[in-house]
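In case you want the letters, here they are:
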Amino acid sequence: MNAETIPTELTATQVLPASSRTANANGTAVDLRAYDGKVAIVVDAGAITAGSDDSTYTIALLTGDDTNISNASAATLSTSVGLTNVASLTVASVDTRLAGRYLFAQANITGTS
């Protein structure tokens, strides 16, 4: 995991690495134990460029009490980030007091190409 702390105010951690995707993908678990209050999640997504460009991808934020994403559920007070054919930067938040210990990002792709 790649993390960088900016003068004790902001910590950036990669949940789901940027990549060209042709199938659904799960990010690795991020331990929320060190955070108190709301955590901002920034989704930086590129444009869909393959095929007929009718695909849609959604980034779901999940939390759970262990590092297995199969045991995770939708993060409380978060938003799923739906993006269609646009390069976009979107921010969602998760309240760590209402979340499980671990945070996951899950990319889901739909469409014919």
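Going by the structure above, here's the rest.
Residues numbered from 1 in each chain as written. Predicted model: local features only at pLDDT ≥ 70, side-chain atom pairs only at ≥ 80, totals over all residues. Heavy atoms only, no water.

Draft legend 1. Broad picture of the side chain of aspartate 95. Position of aspartate 95 among the secondary structure elements: in strand E9 (residues 88–95). Residue classification places aspartate 95 among the buried residues on the basis of a relative accessible area of 8%. Reaching out from aspartate 95, the side chain makes a polar contact with the side chain of arginine 97 at a distance of 3.0 Å. (Helix = DSSP H or I, 4+ residues; strand = E, 2+ residues; numbered from the N terminus. Buried < 20%, exposed > 50% of the residue type's maximum accessible area, 1.4 Å probe, protein only. Polar contact = N/O pair within 3.5 Å; in protein donor to acceptor, adjacent residues only side chain to side chain.)

Draft legend 2. Structural context of a nonpolar patch on the surface. A cluster of nonpolar residues, Val42, Leu89 and Val91, forms a patch on the protein surface that exposes about 310 Å² of accessible area. Positionally, valine 91 belongs in strand E9. (Patch = residues over 30% accessible without salt bridge, like charges linked within 9 Å, V, L, I, M, F, W, Y side chains within 5 Å. Areas by Shrake-Rupley, 256 points an atom, 1.4 Å probe, with all protein chains shown as cover. Salt bridge = Lys/Arg side-chain N within 4 Å of Asp/Glu carboxyl O.)

Draft legend 3. How the structure looks around the pairing of strand E10 (residues 102–110). Strand direction decides the pairing type here: strand E3 (residues 25–26) and E10, joined by two bridges, are antiparallel. Across the sheet, alanine 25 pairs through a bridge with alanine 107, a residue of E10. Relative to E10, strand E6 (residues 56–64) is paired through nine bridges, and the arrangement is antiparallel. Paired with alanine 60 across the bridge in E10 is glutamine 106. (Pairing = 2+ DSSP bridges.)

Draft legend 4. Quick look at the pattern of salt bridges. In total, this model carries three salt bridges according to the counting rule given. Two residues, arginine 101 and aspartate 31, come together in a salt bridge whose shortest N-O distance is 2.8 Å. Note that arginine 101 is positioned in the loop between E9 and E10 and aspartate 31 in strand E4 (residues 30–31), a separation of 70 residues in sequence. Here arginine 101 falls in the partly exposed class, since its relative accessible area comes to 29%. A salt bridge links arginine 97 to aspartate 95; the shortest N-O distance between them is 3.0 Å. The exposed category is assigned to arginine 97, whose relative accessible area is 57%.

Draft legend 5. Broad picture of the nonpolar core. In terms of nonpolar packing, the biggest core is built from 17 residues, with Ile41, Leu61, Val94, Leu103 and Ala105 touching the most fellow members. At the level of elements, strand E5 (38–45), E6, E9 and E10 are the ones that each hand at least two residues to this core. The next biggest cluster of nonpolar side chains, apart from the first, holds six residues, and it includes Leu62, Ile69, Ala72 and Tyr102. (Core = buried A, V, L, I, M, F, W, Y, C linked by side-chain atoms within 4.5 Å.)

Draft legend 6. Molecular detail of the environment of valine 94. Along the chain, valine 94 falls in strand E9. On the accessibility criterion, valine 94 (1% relative accessible area) is buried.

Draft legend 7. Structural view of the environment of leucine 62. In this structure, leucine 62 sits in strand E6. With 37 residues separating them along the chain, leucine 62 and alanine 99 place their C-alpha atoms 8.7 Å apart. With sequence-adjacent residues up to four places away left out, leucine 62 is seen in contact with Ile69, Ala72, Ser73, Ala74, Ala75, Tyr102, Leu103, Phe104 and Gln106. (Contact = heavy atoms within 4.5 Å.)

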